[in-house]
Amino acid sequence: MNDSESSGVHGGPLLNEGGPWGGGGSGGGGDEPNPWNQPPRGRPGRGPAGRSAIDELVRRGRARFGGRGGPEPDAGRLLLWGVGGLLLIWVLWTSSHRIDPQQRGVVTRLGSYAKTLGPGMQFTFPSPIDRVTKIDIEDIRVKDIPEGGGTGQNLMLTGDQNIIDLAYSVRWNIRDPELFIYELANPEETVGEVAESAMRAEIARVALNDAMGPQRSQIEQRVQQRMQEILDSYRAGITVQGVAIKQADPPAAVVEAFKSVSAAQQQAQAYLNEARAYAQQLGAKAEGEAAAFDKVYAEYRLAPEVTRRRMYYETMERVLAKTDKTVVEAPNVVPYIPLPPQQAAKVQQQQ
Amino acid sequence: MNMSDNFASRNVIGLSIGAIFAVVVVSSCFAVVPETKQALVVRFGKPQTVYNAYKPNEDFGRTGAGIIGKIPFIDQIVWIDKRVRNFDMERQSVLSTDQLRLEVDAYARYRIVDPLRMSITAGTERRVEEALRPILGSSLRNELGKRPFAALLSPERGAVMDNIQTRLNRVARQYGAQIVDVRIKRADLPDGTPLDSAFNRMRTAREQEARSILAEGRKQAQIITAEADANAAGTYAESFNKDPDFYNFYRAMQSYRVTFGTDGTEAPGSSNVILSPDNEYLREFRGRR
């Protein structure tokens, strides 16, 4: 008896209607979708197990209500009540849907698309008729190319036949849940492929230097646009929120040469700075000297002869004050020229 | 009591079996066609009808999806994908007209538009893809082989892809499929010599750029220096030219001071001066005559 009871419960989920009757309804909530989710062709196969379960139930029912006069109608009625109750729970359970704010529920009625549910508590027909697929549309998904942050290089040809190492990511979300579900066989892979194709087409149109520097944001925008066009042509129901180039570098093999270019730029700038410094210095000096001359000249103009004399004497005074002087007064006299002390010593030694 | 017990249990068993059998029969009279699939009903191996066949630009909810009736155990349903599917081409090595080799990855997107033809000619979607994949490869090679390398990196690429799509579509139609899009995913230089020589070219181009930047920097610096010199000369000339004679005197005085070390700096070397009494400076030395 015990054996057959357990086999009845395990082997016959189809006929679990007996649950509340035999086991006080325990586990009824968990098991209740089963009868409806079973594919129809599964049923004949489960027939024998079901039959033994029925036998068992009937026998147990008879044992419990054996004291009364008419156990058979009672058993039948209870069975009906049980089935009815479970049906009711089933209907309630599968016809009400809680849709979160970021979700939409796509309803299919007997396979055909019926409507899309907005957020909140929503009601449909129960399960085999209406089915609801909940889709998160607000969640922005990120697709990184190359996959996984890119340890290797992702080399691309640029318009000037150079090669660039590019890493970027695409942010996208679902715009039309029904298109997203129904139109593409594998939408997420499609996003990646479209992104790669669009990015390579775009990079193939610009020169290496532009791709690495000034045109990055335009490239991002154009790739986004192009991706959107392609995805729309597939009716993918996807919005591309943005494309971000994370890295646009020359390939590792030539990066040294690129560094030498920036070093040369620095050096050239240094040359220019030096020249400018020289120019400023020289200009200031010239202006200063010219201004000084102008001032003196202005004074000179007022009294040319006197100023000239004064300047002459002042200069000669200062010049001659510091020098050894020999004045040769009389003509026809050989002047004695005093030698500087060291030179005099040398001369003496030689003698 | 025993008798009626038996009767009751037999009754319940009978009812249950009947109900199950009824459910099976009824459910096999119907099938649910989802939005994502086309259903081809086959009766004794002969295709009968297509439900939910693809039509361009139809709205979901007005398609053929839904519940359909069929004869149980006789009609069988072949499910065919209605969505846009994709297949990748294996990496192909393509030789352009200027003898440059390129590794090309491409993908095609297609959908089954004629399930009946598709099921007769190929059977499954996978076999359609297997049939189309080599054709994509060969038409890509043909089309790209007609063009120079640079065309692949230009807006002409669009035209190339259109040609390939047209070619591929011609074949796809035989399988009841329609090519939605063909795109080059990657077009790279092959590893080894081609890639290395490209790198070498890039490297030398950069070195050349570095040198020309340096030379340009030097040139600009020289120009700036020369301009400064010229400006200074102009400034001097403008000022000094007012009285060249006085300038000569003024500058001579400055020069003497510097030469004899009286401008605060120590002049190198000592100086001896032998003055003739006829010297201008000593004119008054002898007293008035």
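Below you will find a few notes about this structure. Model, not experiment: these values are computed from the prediction. Residue numbering note: each chain is counted from 1, following its sequence as written. Naming scheme: in the order in which they are written, chains are lettered from A and ligands are numbered from 1. pLDDT decides what is reported in this predicted model: residues at 70 or higher carry local features, side-chain atom pairs at 80 or more are listed and counted, and totals for whole chains, interfaces and linings draw on all residues regardless.

**Some details on the overall build of chain A**
Under the convention used in this document: The secondary structure listing takes helices from DSSP runs of H or I that are at least 4 residues long and strands from runs of E that are at least 2 residues long, numbered from the N terminus. Three exposure classes are used. Buried residues have 20 or more other C-beta atoms within 10 Å of their own C-beta, exposed residues have 12 or fewer, and partly exposed residues fall in between, all C-beta atoms being placed from the backbone. By definition, residues are in contact whenever their C-beta atoms, placed on the basis of the backbone, come within 7 Å of each other.
A count of helical and extended segments in chain A gives 13 helices and 10 strands. Here chain A, with 351 residues, has 28% of them falling under the buried criterion. Long-range pairs, those at least 24 residues apart, make up 67% of the contacts in chain A between residues at least 6 apart in sequence.

**A look at the interface of chain A and chain B**
Keep this limit in mind: All residues other than Ala, Val, Leu, Ile, Met, Phe, Trp, Tyr, Cys, Pro, Asp, Glu, Lys and Arg, Gly among them, are scored as polar; the first ten of these are nonpolar and the last four charged. Any two strands between which DSSP finds at least two bridges are classified as paired.
Residue-level contacts link 85 residues of chain A with 88 residues of chain B. Looking at the side of chain A that touches chain B, the elements with two or more residues in it are α5 (42–64), β3 (112–117), β7 (155–157), α7 (177–182), α8 (187–203), α11 (255–302), α12 (304–321) and β10 (324–327) of chain A. At 27 residues, the largest contribution of residues to the side of chain A that touches chain B is made by α11 of chain A. Considered class by class, the residues forming the side of chain A that touches chain B number 45 nonpolar, 19 polar and 21 charged. Pairing of β10 of chain A with strand β10 (residues 272–275) of chain B involves four bridges; the strand directions are parallel. Residue pairing in the sheet places threonine 326 of chain A in a bridge with isoleucine 274 of chain B of β10 of chain B.

**Examining the sheet that holds β3 of chain A**
Residue and element names in this part refer to chain A. Using the following cut-off: Inter-axis angles, ranging from 0 to 180 degrees, are taken between N-to-C directions of lines fitted to C-alpha atoms, where helices are fitted over the stretch in contact.
Pairing in this open sheet of three strands is antiparallel, and the strands run β3-β2-β5 from one edge to the other. Two strands lie at the open edges of the sheet, namely β3 and β5 (130–136), each paired on one side alone. Each strand axis lies, on average, 25° off the axis of its neighbour in the sheet, ignoring direction. Relative to β5, strand β2 (residues 103–109) runs antiparallel, the two sharing seven bridges. Bridged to glycine 105 within β5 is lysine 134.

**Describing the environment of aspartate 100 of chain A**
Looking at the secondary structure, you find aspartate 100 of chain A in the loop between β1 (96–99) and β2. A sequence separation of 20 residues divides aspartate 100 of chain A from glycine 120 of chain A, and the C-alpha atoms of the two residues are 6.4 Å apart.

**Brief notes about helix α10 (residues 216–233) of chain A**
All names here are of chain A. The following threshold applies: By this rule the span expected of a helix is its residue count minus one, scaled by 1.5 Å. The arc in question is traced by the directions running from the helix axis to the C-beta atoms.
A rise of 1.5 Å per residue sets the reference length of α10, with its 18 residues, at 26 Å; its end C-alpha atoms lie 26 Å apart and thus fit the reference within 8%. Residues Ile219, Val223, Gln224, Met227, Ile230 and Leu231 constitute the buried set of α10. Along the axis of α10, the buried residues cluster in a sector spanning 135°; they form a single face. Every exposed residue of α10 that faces more than 90 degrees away from the buried side is listed here: Ser217, Gln218 and Glu229.

Any functional reading would require information that these geometric values do not contain.
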